[in-house]
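Structural description and commentary
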Amino acid sequence: MNNLLVVNDLTKKYSQGNVLARVTITAVDGISFYIKPAEIFTLAGESGCGKTTTAKVVLGFEEPTSGTILHNGKLQTPKEKVWITEGVQAIFQDPFSTFNPLRTVDRYFFETVQNLKLAVSKGQAIELIDQKLRLVGLTYKEFAGKYPNEFSGGQLQRISIARALLSNPSLLIADEPVSMVDASLRMSIVNLFKNLRDTLGVSILYITHDLATAYYVSDRIAIMFRGNIVEMGTVEQVLMNPRHPYSKLLRDSIPQADPAKRWTTTVTLSELEQEEYLRQGCKFAGRCPDVMDICKGVVPADLDVDGVLVKCHLYSDTQTT
Ligand code: SF4
């Protein structure tokens, strides 16, 4: 089966500072991954790892410095970005900022139906809107004529997912979609993603710092650190038996007892984010419990360890391909 999305050697650099002290940060550093049809693929890592920048570049909101993005075999160009070519929709972190508080939410739906010419009459539009709302557990009757503040964060996130579904997308790009939703409702949203994958065959690029929901929802996962994918494989391979020291640290930070009560990892953000981005050799060397001399000067290669991509010198002698 052909891959739905192929990201190849993607790099995104930014300049920071002023004329006298300008530094270039490689926010995304030559990463490659693919997403199959009807698959949930997760990019996970702490804040500042490059996962949201990757999503923005894939969506075409930012230009890549280098690398290619193919959607359905078609190359993304400055004119033809995946989100304006057919079948890709984005879901953002804060559902309240998606909708203007002074407009009823149904107006957004009617506008989308009209702009994309999805119905020829108001009755047909209502039927289509109701159909998409039912996929997320709501109905047209419940939402018609209401303003964003009449819904909870969880309901509003469901509504933005229903709106994204209007055009029958093949890929949803969801950037931290549950981080602003009440903890008690997060599972219902991630369950919804699994349902959409299974019933509609839609693929999802799930971006998160939360390994507990990532474990629950993902088919495959890539762990990012300072612009690199440091480990990538099936979710069982990566989270049940992590190989990279950073993946182990993240995995161990998931609360073990009653994970339903707590969904965020407890990794402390590094104060030295910029220093880590600029570090020679392995970017995790400053925090790694297994650091070796070679790590401080030589960038580790992407190694295949039992079918899992691992970017770490510890596995140089055990490479299988
Ligand atoms: Fe640690 Fe070295 Fe592996 Fe980096 S390459 S994760 S510093 S052992």
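Quick note: structure is the one above.
Summarised in this report is the structure supplied together with it.

Criteria and cut-off values
- Residues numbered from 1 in each chain as written.
- Predicted model: local features only at pLDDT ≥ 70, side-chain atom pairs only at ≥ 80, totals over all residues.
- Heavy atoms only, no water.
- Pairing = 2+ DSSP bridges.
- Helix = DSSP H or I, 4+ residues; strand = E, 2+ residues; numbered from the N terminus.
- Contact = heavy atoms within 4.5 Å.
- Axes fitted to C-alpha atoms, helices over the stretch in contact; angles between N-to-C directions.
- Buried < 20%, exposed > 50% of the residue type's maximum accessible area, 1.4 Å probe, protein only.
- Right-handed = clockwise from strand over helix to strand, strands pointing away.
- Near = heavy atom within 4 Å.
- 1 Å grid on protein atoms, 1.4 Å probe; cavity = no way out; pocket = protein on both sides within 12 Å on 5 of 7 lines; lining within 4 Å.
- Sits in = over half its atoms within 2 Å of the grid points.
- Nonpolar A, V, L, I, M, F, W, Y, C, P; charged D, E, K, R; others polar.
- Patch = residues over 30% accessible without salt bridge, like charges linked within 9 Å, V, L, I, M, F, W, Y side chains within 5 Å.
- Areas by Shrake-Rupley, 256 points an atom, 1.4 Å probe, with all protein chains shown as cover.
- Salt bridge = Lys/Arg side-chain N within 4 Å of Asp/Glu carboxyl O.
- Parallel < 35°, antiparallel > 145°, perpendicular 65-115°, else oblique.
- Left-handed = near helix turned anticlockwise from the far one by under 90°.

In space, the four strands of this open sheet follow the order S2-S1-S4-S5, with antiparallel pairing throughout. Looking at the sheet topology across the chains shown, the edges are occupied by strand S2 (23–35) and strand S5 (74–75). Sheet analysis places strand S4 (residues 66–71) next to S5, joined by two bridges and oriented antiparallel. Residue pairing in the sheet places His71 in a bridge with Lys74 of S5. Running at roughly 115 degrees to strand S1 (residues 5–16), helix H1 (residues 51–59) makes contact with S1, S2 and S4 of the sheet.

Attention shifts here to the pairing of strand S7 (residues 171–175). Of all five residues that make up S7, five are buried, and the element is covered over most of its length. Bridge count for strand S6 (residues 88–91) against S7 is four bridges, and the pairing is parallel. If you follow Ala90 over to S7, its bridge partner there is Ile173. Of the pairings in the sheet, the one linking S7 to strand S8 (residues 203–208) comprises five bridges and is parallel in character. Across the sheet, residue Leu172 finds its bridge partner in S8, namely Ile204. Chirality of the crossover, the property in question, places the unit of S7, helix H7 (residues 183–200) and S8 among those that are right-handed.

A separate point is the site of the ligand. In the vicinity of the ligand, the contacting residues are His244, Pro245, Cys282, Phe284, Ala285, Cys288, Asp290, Val291, Cys295, Cys312, His313 and Leu314. In this structure the site holding the ligand corresponds to the largest cavity. Residues of the shell around the ligand, tallied by class, amount to nine nonpolar, two polar and one charged.

With that settled, consider a nonpolar patch on the surface. A contiguous nonpolar surface patch, about 290 Å² in accessible area, is contributed by Met292, Ile294, Val298 and Leu314. Relative to the assigned elements, Leu314 resides in the segment after strand S12 (308–311). The class for Leu314 is partly exposed, based on a relative accessible area of 35%.

It is worth spelling out the packing of helix H6 (residues 153–165) against H7 at this point. Interaxial distance between H6 and H7 falls to 10 Å at its minimum, and their mutual angle equals 20 degrees. Relative to H7, the element H6 is oriented roughly parallel. Taken as a pair, H6 and H7 cross one another with a handedness that is right-handed. Of H7, the residues touching H6 (which contributes Gly154, Gln157, Arg158, Ile161 and Leu165) are Leu185, Ser188, Ile189, Leu192, Phe193, Leu196 and Leu200. Split by residue class, the contact of H6 with H7 holds eight nonpolar, three polar and one charged.

Everything listed is a geometric property; what it means functionally is a separate question.
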